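Structural characterization, general
In case you want the letters, here they are:
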Amino acid sequence: MLEQIFTNDDVPREVRLNGINASPMRNFYRDKTVFLTGGTGFLGKLFIEKLLRCEVREIVLLVRAKRNRTPRERLQRQFEREAIYVTYAKDPNWYWDRLKIVEGSLEYDNLGLSEADIAYLQRSVDIVIHSAADVRFDVSLTTHIRTNVFGGNELLKIALGMSRLVSYLFISTAYSNCIHEVVEEKYYDNVGVDPMTMVRLAESVDEDQLNVLCRKIIQPWPNTYTYTKMLTENLVRQYCDQLPVAIVRPSIVISTLEDPIVGWTDNVYGLNGVLVGVGCGLLRVLHCHAHCHADIIPADLVVNSSLAVIWHTSTQPAQGGPVEHIFNCTTRSDNPFTYQNVFDYGVGFREEIPALQSLWYPTYNGVDSPWVYYILQLFYHFLPALFFDTIAKLKGMEPKVLFLNRKVLAFSDVLDFFTTNEWVFRNEKMRHVYDAMTADDQTFFPVDIRRVRWAEFFPTYLLGLRQYIVRESLDNLEQAKRKFRLLKAAHYVVLALVYVALAYVGYVLLGKGLTERYGFRVIK
């Protein structure tokens, strides 16, 4: 169901693409060598699949060993597990013949690359796509500076020696400049500190000591991720005169719209995590302003837009002198969507797409007031989790709900800044890139957020979360619906008991209690 992809004319996507004429963008990428960082990350996985279909000569992947797996073993496992690699099972050589792995990591000098690897990159690479980053919101400032800023600088230094380089693309975030209500497609002079000065500070100061100062250092940015993305943008700016750099700033990235398959994702960051938490009955209250815009964008549109930016900035001469090649990849201006829409659709489809692993009946309460939010956390999250864990202990089972509850609450607290504020992201430059694409290119590289119908997309989005995150197939959907109906009945029974208990307490306090205290009598 999820793998069957149709356009408005009901012609399967792969049928259309097999017969497509050559396009300027595909011609541009054909026989190019691309150096990709972050190939094991969410967007990186999609970049690999898309670039291979563009018939590039080679993709050089920066991959580190992890959890006792070599870089090649990690990639092989990725190709075997992820549904987006639609032809891997039939023809794995179609992938491996055009992939080259260089072992390294952003945390190391020269990315941990050997001299031979650096020499190969500098004589072979035409395009650099720097999509690797530590995207967690809850890690230390030291970790984020080392990965995002130091690693970015090491890559830029290597790129200086690339004799064939036509484009260096950095994938940032639209929230790197979230201290501004209106975010233009330009560089900002946000801080008076050089990015490399922060790198030296992180190297010279103990991590625990820097954590103590972290909040003061990064203010007014909400977290170390957005702060270090801003620093890295300023770092890239310093290389503008030496390298053909461009920056794409996506907003909240969610699952794929259709390319290469519908609804695919591999993480619980951002809105994905909120909807999974709500759908599984773990997240029941969120500090959120319903009228605020949720600037969400499908991942495949981000990848295709990034590839369009590389093509456009490499082949179209700048008009009127030097141009800052910065592009906001966002949706509010062209296809607005609010948090109220998000939860209306999410709750609206809960009976059709329930999860078998749900702990309780999925409900959602968006709260404007932070004080009301903290009070409701006690009743909606802490006390129910304590109840379920107590039952588990009595049955001799391991209590897990309170632990999961803490993780969900920590996650929702991190999102608080983004669900209670909103921004206007200008995207005129990105629209100009879209307008320059031919009809064939816009078919092979879908980029236009205006064609997304949120009401039609949301069921496939939720199905994708169920299939790829919760890891439940459609085979157990009827069983999940039966459990959903039982949880729903239990929910309303518990709710009725709570209301009866509250009414009784109110009677005792306001009725019987006042009578006894002040001598009031009920006249019969």
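Residues numbered from 1 in each chain as written. Predicted model: local features only at pLDDT ≥ 70, side-chain atom pairs only at ≥ 80, totals over all residues. Heavy atoms only, no water.

Below, the discussion takes up the nonpolar core. Core analysis: the biggest nonpolar cluster contains 142 residues, and Tyr29, Phe35, Ile129 and Leu307 have the highest contact counts within it. Setting aside its immediate chain neighbours within four residues, Ile129 contacts Val34, Phe35, Leu36, Thr37, Phe47, Leu51, Leu169, Leu307 and Ile310. (Core = buried A, V, L, I, M, F, W, Y, C linked by side-chain atoms within 4.5 Å. Buried < 20%, exposed > 50% of the residue type's maximum accessible area, 1.4 Å probe, protein only. Contact = heavy atoms within 4.5 Å.)

What follows concerns the pattern of salt bridges. If you walk through the whole model with that rule in mind, you get 22 salt bridges. Between Lys488 and Glu351 there is a salt bridge; the shortest N-O distance is 3.4 Å. Taken as a pair, Lys488 in helix α19 (residues 477–518) and Glu351 in the loop between α13 (339–348) and β12 (365–367) lie far apart in primary sequence, 137 residues in all. Given the relative accessible area of 26%, Lys488 is considered partly exposed. Taking relative accessible area as the criterion, Glu351 reaches 43% and is therefore assigned partly exposed. In the salt-bridge network here, residues are joined through shared partners; they are Glu49, Lys50, Arg53 and Asp259. (Salt bridge = Lys/Arg side-chain N within 4 Å of Asp/Glu carboxyl O. Helix = DSSP H or I, 4+ residues; strand = E, 2+ residues; numbered from the N terminus.)

The step from Gln219 to Pro220 runs through a cis peptide bond, and the omega angle for that step is 10°. By the secondary structure assignment, Pro220 is in the loop between α9 (207–218) and α10 (224–237). Of note, the bond from Asp259 into Pro260 is cis; its omega dihedral lies within 30 degrees of zero at 5°. You can see Pro260 is positioned in the loop between β8 (252–254) and α11 (271–279). In this model, Arg67 sits at a positive phi of 50°, which is unusual for a non-glycine residue.

So, about the sheet that holds strand β1 (residues 33–37). Pairing in this open sheet of seven strands is parallel, and the strands run β3-β2-β1-β4-β5-β7-β11 from one edge to the other. Two strands lie at the open edges of the sheet, namely β3 (99–103) and β11 (326–329), each paired on one side alone. Strand-to-strand twist across the sheet, computed as the mean angle between neighbouring axes with direction ignored, equals 20°. Summarising the sheet, β1 and strand β2 (residues 58–63) pair through five bridges and their orientation is parallel. From the neighbouring strand, Phe35 faces β2, where its bridge partner is Val60. Strand contacts of helix α6 (residues 115–124): β1, β2 and β3, with the helix running at about 145° to β2, the strand carrying the most contacts. This element, helix α16 (residues 428–436), spans β7 (245–250) and β11 of the sheet and lies at about 90° to β11. (Pairing = 2+ DSSP bridges. Axes fitted to C-alpha atoms, helices over the stretch in contact; angles between N-to-C directions.)

What follows is about a positive patch on the surface. On the surface, Arg64, Lys66, Arg67, Arg69, Arg77, Arg81 and Arg471 cluster together into a patch of positive charge. Position of Arg69 relative to the elements: it lies in the loop between β2 and α4 (71–81). (Patch = residues over 30% accessible without salt bridge, like charges linked within 9 Å, V, L, I, M, F, W, Y side chains within 5 Å. Areas by Shrake-Rupley, 256 points an atom, 1.4 Å probe, with all protein chains shown as cover. Lys, Arg positive; Asp, Glu negative; His and termini not counted. Charge placed at Lys NZ, Arg CZ, Asp CG, Glu CD.)

Per the stated rule, a full pass over the model turns up zero disulfides. Not part of a disulfide, Cys214 finds its nearest cysteine sulfur in Cys178, a span of 14 Å. Unpaired in this structure, Cys280 has its nearest cysteine sulfur neighbour in Cys288, at a distance of 19 Å. For Cys280, a relative accessible area of 11% translates into the label buried. (Disulfide = S-S within 2.5 Å.)

Among the secondary structure elements, Leu231 is positioned in helix α10. Residue Leu231 is classed as buried on the basis of its relative accessible area, which comes to 0%. Through-space distance from the C-alpha of Leu231 to that of Gly152 is 10.0 Å; in sequence the pair is 79 residues apart.

For any two helices packed against each other, one specifies the crossing angle of their axes together with the interaxial distance. Across the interface, helix α12 (residues 299–315) lies against α16 with an axial gap of 10 Å and an inter-helix angle of 80°. With respect to α16, the element α12 is oriented roughly perpendicular. Contact residues: Ser305, Ala308, Val309, Trp311 and His312 in α12; Met430, His432, Val433, Tyr434 and Ala436 in α16. Per-class residue counts for the contact of α12 with α16 are seven nonpolar, three polar and no charged. (Parallel < 35°, antiparallel > 145°, perpendicular 65-115°, else oblique. Nonpolar A, V, L, I, M, F, W, Y, C, P; charged D, E, K, R; others polar.)

Before going further, it helps to examine α6. Those residues of α6 that sit buried are Asp117, Ile118, Tyr120, Leu121 and Ser124. End-on, the buried residues of α6 take up no more than an arc of 160°, which puts them together on one face. Residues of α6 that are exposed and point over 90 degrees away from its buried face: Glu115, Ala116 and Arg123. Buried residues belonging to α6 abut β1, β2, β3 and α7 (141–159). (Arc of directions from axis to C-beta.)

Relative to each other, α7 and α9 sit at 85°, their axes nearing to 8 Å. The angle between α7 and α9 falls in the class roughly perpendicular. Residue-level contacts link Leu141, Thr142 and Thr143 of α7 to Glu207, Leu210, Asn211, Cys214, Ile217 and Ile218 of α9.

This brings us to the pairing of strand β5 (residues 167–171). Here β5 lies mainly inside the structure; five of its five residues are buried. Side chains Ser167, Leu169 and Ile171 project from β5 onto one buried face, and the interleaved Tyr168 and Phe170 project onto a second face that is buried too. For strand β4 (residues 127–130) and β5, the ladder comprises four bridges, and the chain directions are parallel. Bridge pairing links Ile127 to Ser167 in β5. In this fold, β4 hands off to α7, which returns the chain to β5; that crossover is right-handed. (Right-handed = clockwise from strand over helix to strand, strands pointing away.)

What follows concerns the packing of aromatic side chains. Following the criterion strictly, the structure yields 32 aromatic pairs and no others. When the centroid spacing of 5.4 Å and the interplanar angle of 40° are considered together, the rings of Phe42 and Trp264 count as tilted. With a gap of 222 residues between them, Phe42 in helix α3 (residues 42–53) and Trp264 in the loop between β8 and α11 connect regions that are remote in the sequence. With respect to class, Phe42 is no different from Trp264; both count as buried. Ring geometry for Phe343 and Tyr364: centres 3.7 Å apart, planes at 10°, overall stacked. Of the two residues, Phe343 is situated in helix α13 and Tyr364 in the loop between α13 and β12; the sequence distance between them amounts to 21 residues. Accessibility expressed as a relative area gives 6% for Phe343, which makes it buried. Chaining the aromatic ring pairs together yields one cluster made of Phe137, Tyr175, Tyr225, Phe417, Phe418, Trp423 and Phe425. Lying over the aromatic face of Trp96, Arg72 brings its terminal NZ or CZ to 3.8 Å of the ring centre. (Phe/Tyr/Trp six-rings, centres within 6.5 Å; stacked < 30°, edge-to-face > 60°. Lys NZ or Arg CZ within 6 Å of the ring centre and 35° of its normal.)

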